[in-house]
Every structure is written in C-alpha cells, then in structure tokens.
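# Fold and contact review
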Amino acid sequence: MSIISLITGWPGPSGFGSASTAEEVSEGIDAANLTAIVTGGASGIGLETVRVLAMRKVHVIIGARNLEAANKAKHQLLEQNPAAKLDVLKLDLSSIKSTTEFAHNFLALNLPLNILINNAGVMFCPFQLSEDGIELQFATNHLGHFLLTNLLLEKMKSTAKSTGIEGRIVNLSSIAHVHTFGDGIRFNKINDKNGYSDKRAYGQSKLANILHVKELTRRFKEEGVNITANAVHPGLIMTPLMRHSMLLMRLLQAFSFFIWKNVPQGAATTCYVALHPSLKGVSGKYFLDCNEKRASSYARDETLAKRLWDFSKNLINSSYKV
Ligand SMILES: NC(=O)c1ccc[n+]([C@@H]2O[C@H](COP(=O)([O-])OP(=O)(O)OC[C@H]3O[C@@H](n4cnc5c(N)ncnc54)[C@H](OP(=O)(O)O)[C@@H]3O)[C@@H](O)[C@H]2O)c1
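Residues numbered from 1 in each chain as written. Predicted model: local features only at pLDDT ≥ 70, side-chain atom pairs only at ≥ 80, totals over all residues. Heavy atoms only, no water.

Under the annotation held in an unreviewed UniProt entry, the protein carries the name Short-chain dehydrogenase TIC 32, chloroplastic-like and is attributed to Cucurbita maxima. For the protein, the Sequence similarities (unreviewed entry) comment in UniProt is given as "Belongs to the short-chain dehydrogenases/reductases (SDR) family." (UniProt positions renumbered as here; feature names shortened; annotations may be inferred.)

Take a look at the structure:
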C-alpha cells in the first residue's frame, strides 16, 4: 500500500483500502456464535468497533475505566440496535489490580471468549507513573494488555478447542512504532524520567504491541493452539486520543487532511483482522488499511519480542503490591 492508495482509497490485495469502513469489511459476516472483549470500547475507534461487531451479532464486552461513559455508549448502541448483545465491565489497564479484577469478573460470567481486541490507549502523556510505579504509556498501552491477554489465554484456548473456531487477538498498534527510543525498548530505563520523550514513549509502547503479537504467535505455534494474534495501525483519526497534543494534531491535520480517516474507516482494519474469513491462520502480522504491511526492523525482531515478554512478566511480578 503506497501513499497514493492511502490518499485515493484504492483497494489493496485484500480488496479493501484506506477508504473502506468497518461495516464494509465485515459485510455478510454472521458472527452470532462469537464473544469478544474490546478494551477502551466507549470512545473513538473502540466504540465503532463495538458497534460493528454487535451489528454482526457478536456478544461484546466493553472494558472501560469510565463506567458512566461506557454505560451511556451501551445505551446509545442499544437504541440503534436493540438486538445487540453488550456488557460493560470496569477496566483500568494502567492498574495491575484493576486489570486482574476485570479478568476475574469476566471469567466469573462463564462466557466463551473468541476475540480479544486490545484497543485502549493513551498518547503523548507528560511523564507520569502508574499506581504500580510504571511509566504510564508503557503501563497502559502495553503492560496492561500483556497482563490481560495472559489472564484470558486459558479461556481463549478452551473456547477455541471446544468450538473448533479460531480465536483471534488484535492489538491496536500505530505507525508511530517506528519513532521509538534508540534501542527500541528502554529496558533499563523504562520508568526513568531522564531522557523521557512523550512521543518516543508512545512509539515504544506501540512497538511493544507488535512485539507482543510476534511472541504470542511463536508460543501458539509451539503449542499448536488455534488462536491468531495480529497488530494493526488504524490510520490517522481525530479522536479523544489526541487530548495531550490537540493543537499539534489539528495543525498536522490541516496540512495533511488528505491522509486522515473518519472513525468508521478507522475501525475497518480492526474489524477486518478480527472477523474476516480470508485471514484464517494468519498470525504475527502487522496490518494497515486492511492489508498486511512490513513493520519496522525492531518490530520484526524475534529476540526483542522474547526479551520484552520476559521483561513484562518480571515487571508485573516485581511491581504488584497486593
Ligand atoms: N486515532 C488515531 O489516529 C490512532 C492512530 C494510531 C493508533 N491508534 C490507536 O488506536 C487505539 C484507540 O484509539 P482512539 O483513537 O480510538 O482513542 P480514544 O478515543 O481516546 O480511545 C481510547 C480508549 O482507551 C481508553 N483508555 C485509556 N486509558 C485507559 C486505561 N488506563 N484503562 C482502560 N481504558 C483506557 C479510553 O478511555 P477514556 O475515555 O476513559 O480515556 C478510550 O476509551 C489506541 O490504542 C491508539 O493508540 C489511534
């Protein structure tokens, strides 16, 4: 996919492109037998993803830190689609305790789990530590999703095994993964205020989102598990994500309006990767505009992916004070 296809919306090999919407890429798919979790599903790309999955009859659980906003979103979606199967559960991904409680609360519902969409995110935050003492963008965008995925993996494996339906994990990454720190991930300085850059810390967390699906894929293949894990860049979409840099982003948008998407287009790649039958068995890949794309060399580094996995596990174990 070239810049020309991005601007014109011309479809790529998948038959879809930057102009495709989430409804278009999932048209004709009946997913009545599927259950999905969408983190950060109360606004922006996540909310549109929830709407379209529910339209395709998926039972969707919205994981949200702001329950009031999530319940409001749920009621609005139900007004448009009274048959939608929607639930809301409290989830603050920056907190190990809250993420663990979310997983326990979900597991207590005794539902299957076919699709996990790790969508929630924060961008360009000034330096801040989470309640567990971890830099906020890394804690929210990567570590929370890493922990959540691990806590839900057995459920996804048992669902895939008992139903014979392939499970799918989708991580919302970004093209910003290319703009990270010198070594990709600052393992030795992850919580260090010195040398912190809000932009590079975001890029680092989005690189981690891709490395996460790489290592998941390696493990799934080793275990022979019927689950795929892929990362997506949704495009550039004006959403509340931009809140820490609204002026800069509005300025950028004014000069590059021709490459920006609306929200229905922004949710297309997520819905394509989560639902489309043509991606059966495809795992460990990076998608942009509903087509596979080569990610950065760091993002393709399997040793880095394995190191990040071990580092993330240790960081959670050493940071969590019950
Ligand atoms: N928009 C773009 O141009 C763009 C480009 C590349 C990648 N992405 C990625 O796409 C994803 C969705 O972004 P978006 O544009 O739809 O932004 P958004 O509208 O701000 O949505 C992000 C969602 O994440 C939630 N969230 C933030 N911190 C959380 C936490 N600690 N625990 C639980 N939920 C949390 C937010 O909840 P609150 O409402 O409570 O804040 C919000 O619902 C992000 O991962 C982002 O990095 C977006």
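### What about a nonpolar patch on the surface?
The grouping of I3, I4, I7, W10, F257 and F258 at the surface amounts to a nonpolar patch, some 660 Å² of accessible area in total. One can find I3 in helix α1 (residues 3-8). (Patch = residues over 30% accessible without salt bridge, like charges linked within 9 Å, V, L, I, M, F, W, Y side chains within 5 Å. Areas by Shrake-Rupley, 256 points an atom, 1.4 Å probe, with all protein chains shown as cover. Salt bridge = Lys/Arg side-chain N within 4 Å of Asp/Glu carboxyl O. Helix = DSSP H or I, 4+ residues; strand = E, 2+ residues; numbered from the N terminus.)

### Focus: the packing of helix α6 (residues 136-163) against helix α11 (residues 302-319)
Geometrically, a packed helix pair is captured by the angle between its two axes and the distance between the axes. Look at α6 against α11: their axes get within 11 Å of each other, and the N-to-C directions meet at 90°. The orientation of α6 relative to α11 falls into the category roughly perpendicular. Here F138, H142, L143, F146, L147 and N150 of α6 lie close against α11, whose contacting residues are L308, W309, F311, S312, K313, L315 and I316. (Axes fitted to C-alpha atoms, helices over the stretch in contact; angles between N-to-C directions. Parallel < 35°, antiparallel > 145°, perpendicular 65-115°, else oblique. Contact = heavy atoms within 4.5 Å.)

### Here's the deal with the sheet that holds strand β9 (residues 286-288)
Reading across the sheet, the eight strands line up as β3-β2-β1-β4-β5-β6-β9-β10 and stay open at both edges, with mixed pairing between neighbours. A strand with exactly one partner marks an edge of an open sheet, and here the two such strands are β3 (85-90) and β10 (291-293). Strand-to-strand twist of the sheet, defined as the mean angle between neighbouring strand axes without regard to direction, takes the value 25°. Running at roughly 170° to strand β1 (residues 35-39), helix α3 (residues 44-55) makes contact with β1, β2 (59-64), β3 and β4 (115-118) of the sheet. Against the sheet, helix α4 (residues 67-80) engages β2 and β3, with an angle of about 175° to β3. (Pairing = 2+ DSSP bridges.)

### Remarks on the pairing of β4
Note on strand geometry: in a regular strand, side chains alternate between the two faces of the sheet. Taking every second residue as pointing to the same face, both faces of β4 are buried, with I115 and I117 on one and L116 and N118 on the other. The pairing of β1 with β4 spans three bridges and is classified as parallel. Residue pairing in the sheet places A36 in a bridge with I115 of β4. Inspection of the sheet shows β4 paired to strand β5 (residues 167-172) by four bridges, in the parallel sense. Bridge pairing links N118 to N171 in β5. Considered for its hand, the β-α-β crossover made up of β4, α6 and β5 is right-handed. (Buried < 20%, exposed > 50% of the residue type's maximum accessible area, 1.4 Å probe, protein only. Right-handed = clockwise from strand over helix to strand, strands pointing away.)

### Quick word on the packing of α3 against helix α10 (residues 268-275)
Taken N-terminus to C-terminus, the directions of α3 and α10 make an angle of 45°; their axes are 9 Å apart at the nearest point. The orientation of α3 relative to α10 falls into the category oblique. Crossing geometry of α3 relative to α10 is assigned as right-handed. Facing I45, T49, V52 and L53 of α3, the residues of α10 in contact are T270, C271 and L275. (Left-handed = near helix turned anticlockwise from the far one by under 90°.)

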